[in-house]
Amino acid sequence: MPTLSVKLPEETKQRIQSLAKSQGITAHAVMVSAIEGALDTAEHHNALVASALRAREQVLASGNVVDGKSFGDYLKAKSRGQKAKRPQAIPLKTFVSGN
C-alpha cells in the first residue's frame, strides 16, 4: 500500500488520536475511514450534479416538464400502494406562464 504524508494541525491530530483510542482502533484506521467517507460523499454529490445537469439538458431539448405538485401526489399514492397514473409532461412555456 502506498504511503501518503499529510500535515495536520495539532488539534486535528489530537482529535484523531482521541477518537481512535475511544474506538479501540488505530489513528491510521480513523484517517483511512474519514478519507474514504469524504470521497464517497464527494463522488455521490458529483453523480447527483451530473444527473441534474442531464435532466436539465433533457428539459431544454424537449421543452417539457412535469408539474411538481402532480408528481408529488403521484409519488405519495405509489408509496401508499395505491394505483396512480403517472403525470404527463407539459410544455415548459405553458407551465411557467400558468396557462
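The rules we used
Residues numbered from 1 in each chain as written. Predicted model: local features only at pLDDT ≥ 70, side-chain atom pairs only at ≥ 80, totals over all residues. Heavy atoms only, no water. Helix = DSSP H or I, 4+ residues; strand = E, 2+ residues; numbered from the N terminus. Rg over C-alpha atoms; globule rule 2.2 N^0.38 Å. Salt bridge = Lys/Arg side-chain N within 4 Å of Asp/Glu carboxyl O. Buried < 20%, exposed > 50% of the residue type's maximum accessible area, 1.4 Å probe, protein only. Expected span 1.5 Å × (residues − 1). Axes fitted to C-alpha atoms, helices over the stretch in contact; angles between N-to-C directions. Parallel < 35°, antiparallel > 145°, perpendicular 65-115°, else oblique. Contact = heavy atoms within 4.5 Å. Nonpolar A, V, L, I, M, F, W, Y, C, P; charged D, E, K, R; others polar.

**Student:** Looking at this structure, how should I read the overall build of the chain?
**Tutor:** When helices and strands are tallied, the chain shows 4 helices and 2 strands. Element order for the chain, N to C, with α for helix and β for strand: α-α-β-α-β-α. Taking 99 residues into account, the globule formula puts the C-alpha radius of gyration at 13 Å, and the chain, at 24 Å, lies well above it. Along the first, second and third principal axes, the C-alpha atoms of the chain reach 60 × 35 × 25 Å.

**Student:** Teacher, can you tell me more about the pattern of salt bridges here?
**Tutor:** If charged atoms from side chains of opposite charge come close, those side chains can pair. Applying the stated criterion across every chain yields a total of 2 salt bridges. A salt bridge links Glu57 to Arg56, with the shortest nitrogen-to-oxygen separation between them at 3.6 Å. Overall, Glu57 belongs to the partly exposed group, its relative accessible area being 46%. A relative accessible area of 48% places Arg56 in the partly exposed class. Between Lys69 and Asp73 there is a salt bridge whose closest N-O contact spans 2.9 Å. Placement of the pair is Lys69 and Asp73 together in helix H3 (residues 68-79), with a separation of 4 residues, close to one helical turn.

**Student:** When you look at the environment of Ile35 in this model, what are you seeing that I'm missing?
**Tutor:** The residue Ile35 is located in helix H2 (residues 27-62) in this model. In this structure the C-alpha to C-alpha distance between Ile35 and Asn64, which are 29 residues apart in sequence, comes to 41 Å.

**Student:** It is not clear to me how helix H1 (residues 10-23) should be interpreted in this structure. Could you clarify?
**Tutor:** Note on helix geometry: an α-helix contains 3.6 residues per turn, so any two residues three or four positions apart are oriented the same way. In a regular helix each residue adds 1.5 Å, so 14 residues correspond to 20 Å; H1 covers 20 Å between its end C-alpha atoms and thus fits that length. Positive phi shows up at Gly24, right after H1, with a value of about 70°.

**Student:** In this structure, what is going on with the packing of H1 against H2? I would like to understand it.
**Tutor:** Each pair of packed helices gets described by two things: the angle between the helix axes and the distance between those axes. Between H1 and H2, the least distance of the axes is 8 Å, while the angle of their chain directions is 105°. Relative to H2, H1 is oriented roughly perpendicular. Mapping the contact onto sequence places Ile16, Leu19 and Ala20 in H1 and Ala27, Val30 and Met31 in H2. Taken together, the residues of the contact of H1 with H2 break down into 6 nonpolar, no polar and no charged.

**Student:** What is the right way to read H2 from this model?
**Tutor:** With 36 residues, H2 ought to run about 52 Å at 1.5 Å a step, and its terminal C-alpha atoms sit 52 Å apart, in line with that. Of the residues trailing H2, Gly63 is marked for its positive phi of about 75°.

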